[in-house]
Amino acid sequence: MLKTLRLPALQLFINNEWIDADNQETFDVLAPAEGRHIAQVSAASAADVDRAVRAAHHAFTEGPWSMLTGAERGRLLWRLADLIEENAEELAQLESTDVGRPINETLMAEVPVAAETFRHFAGWADKITGETFSLPPVFGDNRLSYTLRQPLGVIGAITPWNAPTMTTSWKIAPALAAGNTVVLKPATDAPLTALRLAELALEAGFPPGVLNVVPGRGQIAGDALVEHPLVTKISFTGSTAVGRGIGEKAGVLLKKVDLELGGKSPQMIWPDADLDKAAISAAASFTYNQGQTCASTARIYIHRDVFDEMSKRIVAIIESIRIGQPLDTDTTMGSLINEKQLQSVLSHIASARSEGAELLTGGERIDRDGFFIQPTVFTGNADSLTIAREEIFGPVGLLVPFDDDDEVLKAANATEYGLTAVLWTNDSKRINRFTRALEAGVVWVNAWGPPHPAVPWIGIKASGIGEELGLAGLHANTQLKTVHVVSA
Ligand code: NAD
């Protein structure tokens, strides 16, 4: 039984205090599935962002945070993971309400992954080491050469609306484990769980200035964060278009930057695979979170020998999806995030129709409050369809037949993006060939599964620069320094 929804503090969280924006500005937060506003959140100005960055910088250079050992930082992160678990139902309700996605997804996957991420990086906090080198003497004197891995300073984190609890944990946990401080700008479309996480961080006992949250508009608060001279690194997850702009600014300012961006990922199914599981996975990959998932593999290539059979199975699964209110535990698909996103998905559907794709099911807006749409399946020639190239970020899948491995490998890589790819086959020779040749940061074989914090998450090509999660993601939050100590 779900509890009544409790909203978190709706202000800026700076230096462990909740404050209004300096110009008193706010923005409205929508519950997409109800199509109505449920909260007004303070909108940070550039001056507010400056205050948050200065608090984070003070905590990093002079505050108690700078004195803590790795083990002490780890204990705080572990405590935050405990609090996330203790408040899992509330966080899941908040995310489901804020994003419009089913409670089963947020309670079973998103919030547990967030807790696990803090726990994973809590374990790393006292194990950050450099290397030592055995080198010849210098000018006749002995030397000891080694590297240090040091924190970067203030990290500016900018997150998207589609999976806010999880993506926030991916940014905060490794950054804090490595000894940095953070200023987080959550997405205006779904800021509520980031604010709740700030409340929990306060309860966990993080010192002032270590984590600051500045909700606000991308072009005001986001921009101010990117450009702030005391921010050493920007860690951004969001669209490729915005990511390019941030990458350009970071390049000019010579700041470190991680960009986790959009995708248009392929899924390939051969007749030797477990076709029951493949059909479920294919359907889930473009309907989970209403298809608003960067890892969605909505370009589904099916070997011609099983194409008709698999198309029928996938369509049957899609037609059994239960569309409804996010907090209803029977719901398997909720609402898109807003009217703009709904219109964007509808325009992709219209383009597929006009470009000659065959509609197998769905295709229409659902007539009710909110931004509901039928899960939709097309088949057609990927070469001539815009929906085979552009990220839709909605529940629209494209089924494409293929005849041989060379053809499907070429088709899979024929995209500007490179985030994920899924293979369904038990042929080890094919698996070895494809896992190497696919231009994707993350490849799954015989599943479309959730990320794990121990394993890096990587986008290549237009899907991003840098790594999150795993040891690589931890190291991305550190600065390597070389030291030579010479003594007679
Ligand atoms: P978006 O790019 O519109 O916004 C992302 C964040 O950037 C928001 O907080 C926004 O306010 C902020 N922003 C906007 N303009 C800015 C600017 N000029 N300067 C600084 N910040 C600015 O993306 P979205 O619509 O929130 O999210 C959907 C996108 O995110 C999709 O493309 C999806 O594929 C991608 N995504 C990628 C991953 C990944 O791991 N690769 C994960 C989740 C989502």
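Quick note: structure is the one above.
The structure presented is a predicted model; accordingly, all values stated were derived computationally and were not measured.

Caption draft 1: Quick look at the overall build of the chain. The number of helices and strands found in the chain is 14 helices and 24 strands. In terms of overall dimensions, the chain is globule-like: its C-alpha atoms have a radius of gyration of 23 Å, near the 23 Å expected for 488 residues. With respect to the principal axes defined by its C-alpha atoms, the chain has extents near 75 × 60 × 40 Å. Taken across its 488 residues, the chain has 56% of its residues classed as buried. Look at the contacts in the chain between residues 6 or more apart in sequence, and 74% of them connect residues 24 or more apart. Approximately 19400 Å² of the chain is accessible, and the part contributed by carbon and sulfur atoms is 53%. Here the chain carries 41 positive and 59 negative side-chain charges, and the mean point of each set is 4 Å from the other.

Caption draft 2: Just the pairing of strand β6 (residues 142–151), in detail. Looking at chain direction, strand β5 (residues 132–133) and β6 are connected through two bridges and run antiparallel. What sits directly across from F133, in β6, is S145.

Caption draft 3: Highlighting the site of the ligand. Looking at the ligand, there are 26 residues lining it, with T159, S239, L261, E391 and W457 nearest. Note that an oxygen atom of the ligand is positioned 3.3 Å from one of the backbone N or O atoms of G238. Across the complex, the protein chains shield 87% of the 860 Å² of accessible surface that the ligand would expose by itself. For the shell around the ligand, the secondary structure elements donating two or more residues are α7 (218–227), β10 (231–237) and α8 (240–253). For the shell around the ligand, the element with the most residues is α7, which contributes four residues.

Caption draft 4: Region of the structure containing the pairing of strand β8 (residues 181–185). For β8, a buried count of five out of five residues is recorded, marking the element as mostly surrounded by other parts of the structure. Of the two faces of β8, both are covered, the one formed by T181, V183 and K185 as well as the one formed by V182 and L184. Note that strand β7 (residues 154–158) and β8 share five bridges and pair parallel. The partner of A157 across the bridge, within β8, is L184. Handedness of the crossover joining β7 and β8 through helix α5 (residues 164–177): right-handed. As paired strands, β8 and strand β9 (residues 211–213) are joined by three bridges and run parallel to one another. Opposite L184, over in β9, you have V213 as the bridge partner. You can see the chain leave β8, run along helix α6 (residues 192–204) and come back into β9, and the turn it takes is right-handed.

Caption draft 5: Spatial organisation of the pattern of salt bridges. For the structure on display, the rule yields 29 salt bridges. Close ionic contact of E199 with R6 constitutes a salt bridge, the shortest N to O distance being 2.9 Å. With E199 in helix α6 and R6 in the segment before β1 (12–14), the pair connects residues that are 193 residues apart, well separated along the chain. We note a salt bridge from E199 to R196, for which the minimum N-O separation is 2.5 Å. Linking E199 with R196, this pair stays in helix α6, spanning three residues, or about one helical turn.

Caption draft 6: Layout of the sheet that holds strand β13 (residues 299–303). Spatially, the seven strands line up as an open sheet ordered β14-β15-β16-β13-β12-β18-β19, and their pairing is mixed. Because the sheet does not close on itself, it has two edges, and the strands there are β14 (358–361) and β19 (442–445). Strand-to-strand, the axes of this sheet are offset by a mean angle of 20°, without reference to chain direction.

Caption draft 7: Expanded view of the sheet that holds β5. The strand order across the open sheet built from three strands is β5-β6-β24, with neighbouring strands paired in antiparallel fashion. Looking along the sheet, the strands with just one partner apiece sit at the ends: β5 and β24 (478–487). One ladder, built from ten bridges, connects β6 with β24; its direction is antiparallel. Within β24, the position partnered with T147 by the bridge is T482.

Caption draft 8: Spotlight on α6. Its 13 residues give α6 an end-to-end C-alpha distance of 18 Å, which sits within 8% of 18 Å, the value for a rise of 1.5 Å per residue. Within α6, eleven of the 13 residues are buried, which leaves it mostly tucked inside the rest of the structure. Where α6 is concerned, the buried positions are L192, T193, A194, L195, R196, L197, A198, E199, L200, A201 and A204. Looking one or two residues beyond α6, the residue adopting positive phi is G205, at roughly 105°.

Caption draft 9: Representation of the packing of aromatic side chains. For the structure on display, the rule yields seven aromatic pairs. Judged by centre distance (5.5 Å) and plane angle (75°), the rings of W161 and F393 are edge-to-face. With W161 in the loop between β7 and α5 and F393 in the loop between β15 (376–379) and β16 (396–402), the pair connects residues that are 232 residues apart, well separated along the chain. W161 gets classed as buried once you look at its relative accessible area, which sits at 14%. Here F393 falls in the buried class, since its relative accessible area comes to 16%. Relative to W448, the ring of Y288 lies with its centre 6.0 Å away and its plane at 75°, an arrangement referred to as edge-to-face. Placement of the pair is Y288 in the loop between α9 (275–285) and β13 and W448 in the loop between β19 and β20 (457–458), with a sequence separation of 160 residues. One aromatic cluster in this structure is built from W270, F402 and F434. One residue, R119, lies across the ring of W78, its end atom 4.7 Å from the ring centre. Positioned above the aromatic ring of F372, the side-chain terminus of R368 is 4.3 Å from the ring centre.

Cut-offs used in this document
- In this convention, every chain numbers its residues from 1, walking through the sequence in written order.
- The predicted nature of this model means local features are confined to residues of pLDDT at least 70 and side-chain atom pairs, given and counted, to a pLDDT of 80 or more, with totals for whole chains, interfaces and linings taken over all residues.
- Excluded from the side-chain calculations are hydrogens and water; all other atoms, namely the structure's heavy atoms, are used.
- Segments assigned H or I by DSSP are reported as helices when at least four residues long, segments assigned E as strands when at least two residues long, and all are numbered from the N terminus.
- Within these notes, the globule rule equals 2.2 Å times the number of residues to the 0.38 power, and the radius of gyration is based on C-alpha atoms.
- Residue exposure (1.4 Å probe, protein chains only): buried if accessible area is under 20% of the type maximum, exposed if over 50%, otherwise partly exposed.
- Residues count as neighbours in contact if any of their non-hydrogen atoms are within 4.5 Å of one another.
- Note on areas: these come from Shrake-Rupley sampling with a 1.4 Å probe, and a residue is covered only by the protein chains present in the view.
- We treat Lys and Arg as the positive residues and Asp and Glu as the negative residues; His and chain ends play no part in the count.
- By convention, the point assigned to a charge is CZ for Arg, NZ for Lys, CD for Glu and CG for Asp.
- Each pair of strands is called paired provided DSSP finds at least two bridges between the two strands.
- By convention in these notes, a residue is near a molecule or strand provided one of its non-hydrogen atoms lies within 4 Å of it.
- Whenever a nitrogen or oxygen atom comes within 3.5 Å of another N or O atom, the pair is scored as a polar contact, on the condition that within protein one atom can donate a hydrogen and the other can accept it, and that pairs from neighbouring residues in sequence are kept only if both atoms are in side chains.
- Crossover handedness is defined here as right-handed if the route from the first strand over the helix to the second strand goes clockwise, with the strands pointing away from the viewer.
- Here a salt bridge means any side-chain nitrogen of Lys or Arg lying within 4 Å of a carboxyl oxygen belonging to Asp or Glu.
- Axis angles are defined between N-to-C directions and span 0 to 180 degrees, where every axis is a line fitted to C-alpha atoms and, for a helix, only to the segment in contact.
- Expected helix span is computed as 1.5 Å times (number of residues minus one).
- When two rings of Phe, Tyr or Trp (its six-membered ring) have centres within 6.5 Å they constitute a pair, described as stacked for plane angles under 30 degrees, edge-to-face for angles over 60, and tilted for the intermediate range.
- Charge-over-ring placement is defined geometrically: NZ (Lys) or CZ (Arg) within 6 Å of the ring centre, and within 35 degrees of the ring normal.

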